[in-house]
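# Analysis of the macromolecular model
Below, each chain spelled out in residue letters.
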Amino acid sequence: MAIERSLYEMPQGLPTEGFGVEIEMGMGPAEAEIVMLDDGSAEVTLSPEDSEGGDNDVASAPFDANLAKYLEDGLLMELATELVGLVQSDINSRADWADTFVKGLAVLGFKYEERTDPWEGACGVYSTVLAEAVIRFQAEAMSETFPAAGPVRTKIIGEVTREKEDAAARVQADMNYEITEVMSEYRPEHERMLYTLGLAGSAFKKVYFAPNIGRQVSIFIPPEDVIVPYGASTIESAERVTHVMRKTKNEMAKLQASGFYVDVSLGDPVPYRTDIEEKKAEEGGYSLTDDDRYSIYEIHAELSIEGVDEDDGDIQIAKPYVVTIERGDNKVLAIRRNWNPDDSLMLKRQHFVHYVYVPGFGFYGLGLIHIIGGYAKAGTSIIRQLVDAGTLSNLPGGLKTRGLRIKGDDTPISPGEFRDVDVPSGSIRDNIMTLPYQEPSQTLLALLNQITEEGRRLGAISDMNISDMSANAPVGTTLALLERTLKPMAAVQSRVHYAMKQEFKLLKAIIAEYAPTEYTYTPDRAQSPAKQSDYAVVDVIPVSDPNSSTMAQRVVQYQAVLQMSQTAPQIYDLPQLHKQMIEVLGIKNADKLIPTSDDIRPTDPVSENMNVLVNKPIKAFITQDHDAHIATHQSFMQDPQIAAFMGQNPAAQQMMGGLTAHIAEHIAFSYRQQVENALGAPLPAPNAELPEELEVKLASMIAEAAQQNTQQKQAAAAQQQAQQQAQDPIMQMQMQELQIKAAEQQRKGQKDQTDAQLAAARLSLDAQKAQNTSALEASRIAAMTDQADARQNLDEAKAILDMVKTNQPPQR
């Protein structure tokens, strides 16, 4: 390698007269060893970290060093011969695919063909079915994948928080700015890629960091310049990927001088031209004879390089390397490791992205050339037959007798022109016979239309006959027909979406690596650039929709959703739905046209009332003073001036409905705080997913706290109601009347009680008197009974005495 000369400061303490220095230099940083010689001179020897010549220890080389500088020339030549042979076998394996590609380019029709067969000036037009399919695919794919705002959107990894949402907004703005403004090559390269993708079926992007311009780049690579073994399924798993590059002599000199390539002598450039490249140049009107660039093979392969990889015994484990070879002289220019230094698995670093139109039988995809190239060729043949038949029918040729002479018989006869004719004998009709040319065949025309329609249908460019459908057809029917028509293209767009996602991941890794670690200022929500930690919490995906291929399809889908929302508007987020519909239509600043609740920030209650008057959305937040907000909003609704204004506003009902719903949000948050106070602990975040056991246990605790809170509120409400009633004048008069009535009732009650007591006393006296009378009567009856008994006993005694006297037994 060429010696890189620098100016070195004179060592302190050395003589300045007769100072001779012998320097052994290499590329890169070096430490100098100075040895003083007897003659007063000094020998300075540099110990380079990365020098050329193949006589340094590979083990001491830096990880990202060019290992070709440390290997012997014989080993490098052997390695180059082996790799070039493998690349040539890879080229041969895709020969049929390349041959079909070349034949398809011949019927693309971008260059008019001057034909001399079957006669000079015969029709040379081409069928446009292939060109139409390619151009339409490129236009549709470009509008889907690269909108004006940028092709990147972000997806939050893990739980969604406000901090992650802000980081996602910054990353999205940062990457879109890089792609649309900083990476000036991205859009034209992307357009070229889409055109080639539709045409060839495969297209490639190469993503890497370019130190010469200090930023990331993403360039398009034609499929013929990316050589992959036929058996590979994906470019990520391919054992070998070869990028064919062309570089001028000046570019090679710069790369060798900078140390990126080893400084070896190269012969004259040997151009590398494939059949595909030559056919493209022919179709574009270019010539490749003046191409004096070097052809470079950059081979990304799994290799086990002798002298670099350690000997693991009988089994040699290949590792990923990038080997650069100049094709003309088979000289190795660079060998570099292709894995991350901290990767213990030594996985291959990916730099290529493979875009596929339709997957084929091998590695390369099938494009419109392979799918409808035959239709384009057949259509071209039929068109030329029809045009030539019309030419022959309008200007027929024929036979004439040798003696017939016509003035100017070599030129066609113009309309209204009569020419002199010398007839040898007979009439003119007898001396001229036209050949039986027929007019263009209607059958051939019908066949052309059929072939063209089949090609357009197979190429997914046929239009749905909307005019044949009823204007009152349901949206679902229209959507079904549209989906059936666009399903093949939707599948292609889905594959493009996936490939762009892989490309954005590579760009994200490079941008994040060179992004600042901390801000030097306080950024806004979507302020760019983002820092490294912002890229760690989000994933980047294309803004395109893999489920629909065109704007018309998405518009019909959203129309169906809007129709359903009319039947049950309470379950839909209508602002968000209309916002997405506006974005689908391609209208800018949808956030400003329809601000949604996600864009709202916490504000004071007066500002919220002002937003209600201008019909702006408002939102309650859990950290606000909900009681103060509720009181402010209720006072706003009771304000006479506001009420008068609302009475004249046609949107008053909608505005008051929104404010009422907003108050309901504050009431809900206030209730949550009250339950937390009764529970004595904060609750989990709203709508947070909880383990089943924890949710059951928490629900039981919340039920008790809610019941306790309800009882306290009921008691407080009753006390407040009593206090309010006590302060009401009407209620006070009613209370006085009630007190008077109560006193009257009390007096009447006392009187009734006294009367009852007197009546009870009378009843008691009467009962006592009756009792006494009954006792006296009983005593009298008892006395009379005693007297009767005594009298009877006396009579019996007398009878006994009389019987005694007469000695007669007593009579019983």
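All of these numbers come straight from a predicted model, not from anything done at the bench.

## Notes on the overall build of the chain
Of the regular secondary structure elements, the chain holds 21 helices and 17 strands. A total of 812 residues make up the chain; the buried ones form 34% of that total. For the chain, the share of sequence-separated contacts (at least 6 apart) that also reach a separation of at least 24 residues comes to 63%.

## What to know about the side chain of D90
By the element assignment, D90 lies in helix α1 (residues 73-93). If we skip the residues at most four places from it in the chain, D90 touches I227, V228, P229 and R240.

## Details of the pairing of strand β8 (residues 240-247)
Most of β8 is tucked away: eight of the eight residues are buried. The alternating pattern of β8 places R240, T242, V244 and R246 and V241, H243, M245 and K247 on opposite faces, both of which are buried. As paired elements, strand β7 (residues 226-227) and β8 share two bridges and run antiparallel to each other. Note on β8: the bridge partner recorded for I227 is T242. As paired elements, β8 and strand β9 (residues 294-303) share eight bridges and run antiparallel to each other.

## Notes on the packing of aromatic side chains
Evaluation of the coordinates by the stated rule reveals ten aromatic pairs. Ring-pair connections join several aromatic residues into one group, and the members of that group are W97, F101, F204, F363 and Y364. The ring centre of Y186 lies 4.4 Å from the NZ or CZ of K205, which sits over that ring. Note that R384 overlies the ring of Y126, its terminal NZ or CZ placed 4.8 Å from the centroid.

## Concerning α1
Since there are 3.6 residues in each turn of an α-helix, residues three or four apart along the chain are aligned in direction. Here α1 spans 30 Å end to end across 21 residues, near enough to the 30 Å set by a 1.5 Å rise per residue. Within the span of α1, buried status applies to L76, L79, A80, L83, V84, V87, D90 and I91. Burial along α1 is one-sided: seen end-on, the buried residues are contained in an arc of 130 degrees. Structural note: α1 exposes G74, E78 and N92 on the side pointing more than 90 degrees away from its buried face. Check the buried side of α1 and you find it contacts α2 (95-106), β7, β8, β9, β10 (319-326) and β11 (331-337).

## Here's the deal with the nonpolar core
Residues L130, L197 and Y355 are the most contacted members of the largest nonpolar core, which totals 65 residues. With eleven residues, helix α11 (residues 475-513) is the single largest residue contributor to this core. Within the second largest apolar cluster, 30 residues are counted, among which are V84, I299, A301 and L303.

## A look at the pattern of salt bridges
Applying the stated criterion to the full structure yields 15 salt bridges. The closest approach of N and O atoms between R162 and E165, which form a salt bridge, is 3.3 Å. Residue R162 and its partner E165 are both found in helix α4 (residues 162-182); the two are separated by three residues, about one turn of the helix.

## With respect to empty space enclosed by the protein
Rolled over the atoms, a probe as big as a water molecule pinpoints where empty space is left. Considering all chains together, one arrives at two cavities of 30 Å³ or more under this definition. Considered as a void within the structure, the largest cavity measures approximately 40 Å³ in volume. Along the walls of the largest cavity sit V241, H300, K348, R349, Q350, H351 and F352, which together make up its complete lining. Across the lining of the largest cavity, the residue classes break down as two nonpolar, three polar and two charged.

## Describing the pairing of strand β17 (residues 538-542)
Within β17, five of the five residues are buried, which leaves the element mostly enclosed by the surrounding structure. The two faces of β17 match: V538, V540 and P542 on one face and D539 and I541 on the other face are all buried. Where strand β4 (residues 152-156) meets β17, five bridges bridge the pair, whose relative direction is antiparallel. Its bridge partner lying in β17, I156 is registered against V538.

## Thoughts on the environment of A389
Along the chain, the position of A389 falls in helix α8 (residues 368-394). Accessibility expressed as a relative area gives 19% for A389, which makes it buried. Placed 266 residues apart in sequence, A389 and C123 show a C-alpha to C-alpha distance of 9.9 Å.

## Comments concerning the packing of helix α16 (residues 605-613) against helix α17 (residues 626-638)
Between two packed helices, both the angle of their axes relative to each other and the distance between the axes serve to describe the pair. The geometry of α16 relative to α17 is characterised by a closest axis approach of 9 Å and an angle of 40 degrees between their N-to-C directions. When the axes of α16 and α17 are compared, the pair comes out oblique. Handedness of the crossing formed by α16 with α17: right-handed. Between α16 and α17, the contacting residues are P605, V606, E608, N609 and L613 on the first element and H629, T632, H633 and F636 on the second. Of the residues contributing to the contact of α16 with α17, the split by class is four nonpolar, four polar and one charged.

## Description of the sheet that holds β7
Strand order in the open sheet made by the five strands is β7-β8-β9-β10-β11, with antiparallel pairing throughout. Looking at which strands have only one partner, the edges of the open sheet turn out to be β7 and β11. Contacts between α1 and the sheet are confined to β7, β8, β9, β10 and β11, with β9 contributing the most and set at about 95 degrees to the helix. In the packing of helix α6 (residues 249-257) onto the sheet, the strands contacted are β8, β9 and β11, and the crossing angle to β8 comes to about 115 degrees.

## Some thoughts on the packing of α16 against helix α19 (residues 652-679)
Closest axis-to-axis distance for the α16/α19 pair is 9 Å, and the angle between their directions is 150 degrees. Judged by the angle between their axes, α16 and α19 are roughly antiparallel. When you trace α16 past α19, the crossing you get is right-handed. Taken together, the residues of α19 that come into contact with α16 (itself represented by E608, N609, V612 and L613) are M655, L659, H662 and H666. Tallied by class, the residues present in the contact of α16 with α19 amount to four nonpolar, three polar and one charged.

## Comments concerning the environment of S89
If you trace the backbone, S89 turns up in helix α1. Linking S89 and P229, residues 140 residues apart in sequence, is a C-alpha distance of 8.0 Å.

## Some details on the confidence of the model for the chain
This prediction gives the chain a mean pLDDT of 78; 81% of its residues lie at or above 70. When mean pLDDT is compared element by element in the chain, strand β12 (residues 352-356) scores highest at 94, while strand β1 (residues 21-24) scores lowest at 31. Across residues 44-55, where pLDDT falls below 50, the model places 46 contacts with residues more than four positions away in sequence or in other chains. Counting interchain partners and residues more than four positions distant, the pLDDT-below-50 stretch residues 464-469 has five contacts.

Each value, and the rule that gives it
- Residues numbered from 1 in each chain as written.
- Predicted model: local features only at pLDDT ≥ 70, side-chain atom pairs only at ≥ 80, totals over all residues.
- Heavy atoms only, no water.
- Helix = DSSP H or I, 4+ residues; strand = E, 2+ residues; numbered from the N terminus.
- Buried < 20%, exposed > 50% of the residue type's maximum accessible area, 1.4 Å probe, protein only.
- Contact = heavy atoms within 4.5 Å.
- Pairing = 2+ DSSP bridges.
- Phe/Tyr/Trp six-rings, centres within 6.5 Å; stacked < 30°, edge-to-face > 60°.
- Lys NZ or Arg CZ within 6 Å of the ring centre and 35° of its normal.
- Expected span 1.5 Å × (residues − 1).
- Arc of directions from axis to C-beta.
- Core = buried A, V, L, I, M, F, W, Y, C linked by side-chain atoms within 4.5 Å.
- Salt bridge = Lys/Arg side-chain N within 4 Å of Asp/Glu carboxyl O.
- 1 Å grid on protein atoms, 1.4 Å probe; cavity = no way out; pocket = protein on both sides within 12 Å on 5 of 7 lines; lining within 4 Å.
- Points joined across faces, edges and corners; volume = space filled by probe spheres on them.
- Nonpolar A, V, L, I, M, F, W, Y, C, P; charged D, E, K, R; others polar.
- Axes fitted to C-alpha atoms, helices over the stretch in contact; angles between N-to-C directions.
- Parallel < 35°, antiparallel > 145°, perpendicular 65-115°, else oblique.
- Left-handed = near helix turned anticlockwise from the far one by under 90°.
- pLDDT = per-residue confidence, 0-100.

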